[in-house]
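Report on the structure
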Amino acid sequence: MSGRLLLVCRLLVRDLRRRRTEAVLLLVAITAATATLTLGLTLNEVADRPYQQTRAATAGPDVIVTPRATGQAALDELAPLTSAAGVTGHSGPFPVAYLTMTVGGTSAQTVVEGRDDAPVSIDRPAVTDGTWVRPGGVVVERAFADALGIRVGDTVSVRGTVSADDTVSADGHPLRVVGTAVTAARATYPYAGWHHPGSVLVERGGLVWVDRGDLARLAGGRPLSYTLNLKLADPAASTRYAVGDELTIWQAIDDLNGRLYGDAQLTLLVGSWLLSGLALAGVAGIVAGRIIGQRRRVGLLKAVGAGPAMIAAVHLAEYLVIGLVAAATGLAAGWFAAPVLIRPSVGLIGSVNAQPPALRTVVASTALALTIAVAATLLPVVRAAATSTVHALADAATPPRRRWWRIRLSRHLPAALLIGVRVNARRPRRARLVTVNTLITTTALVAVLVINSRVEKFDLGYTELANPRTERMDQALLVVVVVLCVLALVNAVVSTWTAVLDARQPLAVARTLGATPAQAALGLAVAQLLPAVPGVVAGIPAGIGLLDLVSRAEVQRPPGSWLAATALGVLLAVAALTAVPAMLATRRPVVETLRSAPS
């Protein structure tokens, strides 16, 4: 047993040393998929920390109560809560008005909260620029200020709404922006909780603070709402409160802030599925080429007494080791890339720090890496182990299945097309991998086209601003597309070079029978394009269907010209990647190629 293990280890080390380029390509392919999966799984964990840091820095409340009633009725409803069981502290009640703020011709729904100059024990908004509230001034929540382009020293106009039909009063009150701040008592822009007084329908909006004495004037005599911040002896006990339109717990606010990353996380997870399929196709192509090159060694091992299990162990050990290394590399790359790629909301303070990945992330990434390695190598390894010793030593290609109708049809094919068909007939599995590669690539590109063609309206009552969720999704989409295109490029190059190296002798024979170097080179290009065409054709509906599956909104189809240009671009890329190695292969003298063939 120890002797066999030693043999496996020696052959493993020897193969890794002799085929370093192939080992690196395998590592890159699997690492790309595991790194993207790691980034998607850790997104929520990493993005959750800035809110926790903001909550600690601002003495965030555990429960926030805002009755539907207004005026004295609201105050009477809040009074008994300050002495309720489990409540250890409170701040407020603070008056609140749901108004409209205008700056530079842009109006947005705004939650205006009245505050005093003196700090309170619970919910102390942290001023990030300028000063705290004072008469005639306004402090804007930092994410809201960033969306509207507001800076300290600007002048804004605050006015109220006449009715629930969004009719806006004409008498705005100018206020000078004296600062920006962040808080943990409300979700960041655009989820500040704006609504019409007495209504349960919550709409998007931002948050500002003004001096308590100014709020009644800004509201124009309308009854004010009130909000009360509570601190509990056990913050986790807040989950036992009945959350509704009148009561919010800090966990719900954390969840609302996390929604900013929901689309980005979905993009990364779907991207990891596509990258896993692309990595599977790439690894299978590399492994198939390596197994073909090692068939004589399989025959030699069998000739000296090695059984099928020993043959399988020799080959699988190498790919399992590469899979484990790729899992570790992907975990490290995905985890440490998260702080760089994830931009926390400017409505929070703190930073995104890299910490050891969670156990579920480690298990999922390792399982994915090993699954790709085993799934891509199992069939070629089993076939090699089951090959007869004589056939393995002969190292002959799989003979094409000849049918009379195929032969009759091939008589009328041009020389280049006939060569391409012949090359694919010798290695049908490699042709299928080309189809899978182009299918996944086209699917991803079409999905990107569909996303970019969307017309998204992010309404804030009277204007449309950039959607922070979309901004983060676009950032994640860029990461996925770049990694996917690089991996697809690597797969295409590997597939092309494998086809060129494998077809050297058949092409030399074809040239001795009258084919020109140009026809031979074109035949290799055709061999790659023929299986790519069905992959491109199937990838267009697959990309649209993928978004139909994962999107919560209606998917808008891009123009047909965009889809046609994408399909043509993928096919041209395949042809271009094939042209250079094909021309290099046909420049080699025929006699030299035939002499190098094994006898």
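Scope of this entry: the structure provided in the associated data block. (Residues numbered from 1 in each chain as written. Predicted model: local features only at pLDDT ≥ 70, side-chain atom pairs only at ≥ 80, totals over all residues. Heavy atoms only, no water.)

On the surface, L489, V493, W497, V580, M583 and L584 cluster together to form a nonpolar patch covering roughly 530 Å² of accessible area. Elements with a contribution of two residues or more to the nonpolar patch: α15 (468-502) and α18 (560-586). Position of L489 relative to the elements: it lies in helix α15. (Patch = residues over 30% accessible without salt bridge, like charges linked within 9 Å, V, L, I, M, F, W, Y side chains within 5 Å. Areas by Shrake-Rupley, 256 points an atom, 1.4 Å probe, with all protein chains shown as cover. Salt bridge = Lys/Arg side-chain N within 4 Å of Asp/Glu carboxyl O. Helix = DSSP H or I, 4+ residues; strand = E, 2+ residues; numbered from the N terminus.)

Right, let's get into unusual backbone geometry. A cis amide bond links Y189 to the next residue, P190, at an omega of 10 degrees. Backbone geometry at A59 places phi at a positive 55 degrees, although glycine is not the residue there. With respect to the element layout, A59 can be found in the loop between α2 (20-57) and β1 (63-65). Among the residues examined, A59 registers a relative accessible area of 19% and is labelled buried. At D123, a position not held by glycine, the phi torsion is positive, near 60 degrees. The residue D123 is located in the loop between β3 (106-115) and β4 (126-130) in this model. (Buried < 20%, exposed > 50% of the residue type's maximum accessible area, 1.4 Å probe, protein only.)

As enumerated under the stated definition, the model contains two aromatic pairs in all. Ring geometry for W132 and W209: centres 5.8 Å apart, planes at 50 degrees, overall tilted. Separated by 77 residues along the polypeptide, W132 in the loop between β4 and β5 (137-141) and W209 in strand β8 (residues 206-211) bring together distant segments of the chain. The class for W209 is buried, based on a relative accessible area of 1%. The aromatic ring of W250 is capped on one face by R55, whose charged end is 4.4 Å from the ring centroid. (Phe/Tyr/Trp six-rings, centres within 6.5 Å; stacked < 30°, edge-to-face > 60°. Lys NZ or Arg CZ within 6 Å of the ring centre and 35° of its normal.)

All quantities given are derived from atomic positions and should not be read as evidence of function.
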